[in-house]
Each structure stands twice: as C-alpha cells, then as structure tokens.
Amino acid sequence: ELDQSPQLQELLRSHIFVGLQSSADLTNGKHTQMWSGRYFMITREGGLQKIGDAPIQAMNMKASNGIVHAIGGMLGKLDL
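The rules we used
- Residues numbered from 1 in each chain as written.
- Predicted model: local features only at pLDDT ≥ 70, side-chain atom pairs only at ≥ 80, totals over all residues.
- Heavy atoms only, no water.
- 1 Å grid on protein atoms, 1.4 Å probe; cavity = no way out; pocket = protein on both sides within 12 Å on 5 of 7 lines; lining within 4 Å.
- Points joined across faces, edges and corners; volume = space filled by probe spheres on them.
- Nonpolar A, V, L, I, M, F, W, Y, C, P; charged D, E, K, R; others polar.
- Core = buried A, V, L, I, M, F, W, Y, C linked by side-chain atoms within 4.5 Å.
- Buried < 20%, exposed > 50% of the residue type's maximum accessible area, 1.4 Å probe, protein only.
- Helix = DSSP H or I, 4+ residues; strand = E, 2+ residues; numbered from the N terminus.
- Contact = heavy atoms within 4.5 Å.

Enquirer: Run through the layout of surface pockets, naming residues and quoting values.
Expert: Reported here for the largest pocket is a volume of approximately 410 Å³. If you trace the largest pocket, you find 18 residues lining it, with His15, Ile16, Phe17, Ile67 and Val68 closest to the centre. A class-by-class count of the residues in the lining of the largest pocket yields 12 nonpolar, 6 polar and no charged.

Enquirer: Kindly report on the nonpolar core, identifying the contributing residues and their values.
Expert: In this structure, Phe17, Leu26, Met34, Phe40, Ile42, Ile51, Ala54, Ile56 and Leu75 together form the largest nonpolar core, which totals 9 residues. Of all the elements in the fold, those that place two or more residues in this core are strand 2 (39–45) and strand 4 (54–63). Not counting chain neighbours up to four residues away, the residues in contact with phenylalanine 40 comprise Ser14, Lys30, His31, Thr32, Met34, Ile51, Gly52, Leu75 and Gly76.

Here it is in structure tokens:
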C-alpha cells in the first residue's frame, strides 16, 4: 500500500524540520536538517525566501505540535 511505501515515508519526513524552527531561525545560507536526515538550504533573494527550490509562502503558523511553514512545492521527489 502507498501509505507503507518507504519512498513516501522518506518524502514526508523530508518536509519536517528537526527541532523547532521559527522564521527567525531560517536565515539565508543556513542548511537545515529534516527528519529524513536530508539537509536543505535556506535562501533569500529580494523578498523571496526559499527552502531548497520551494518558495516559503507563509511562516510561523502555530500548530498543536509546533510551527508550520507553508511552501509552494515539494522538497525532493517521489519515485514510485
């Protein structure tokens, strides 16, 4: 089943920061670690901030288990 796919689990874990990361922590040039073990670089050009190739569209949305940052793309890819 798809929900037990190691590739899907890897993809999902690539979208969760290790530790609590607010927008103040996401500085230009920082390499931040995800639960998958992968690292993605934060970049800022003009008014656009990105993680990897995905633009960060909203930041610091509070959730019951941490902080959510909405991105406009996927980090990594899924090969099924």
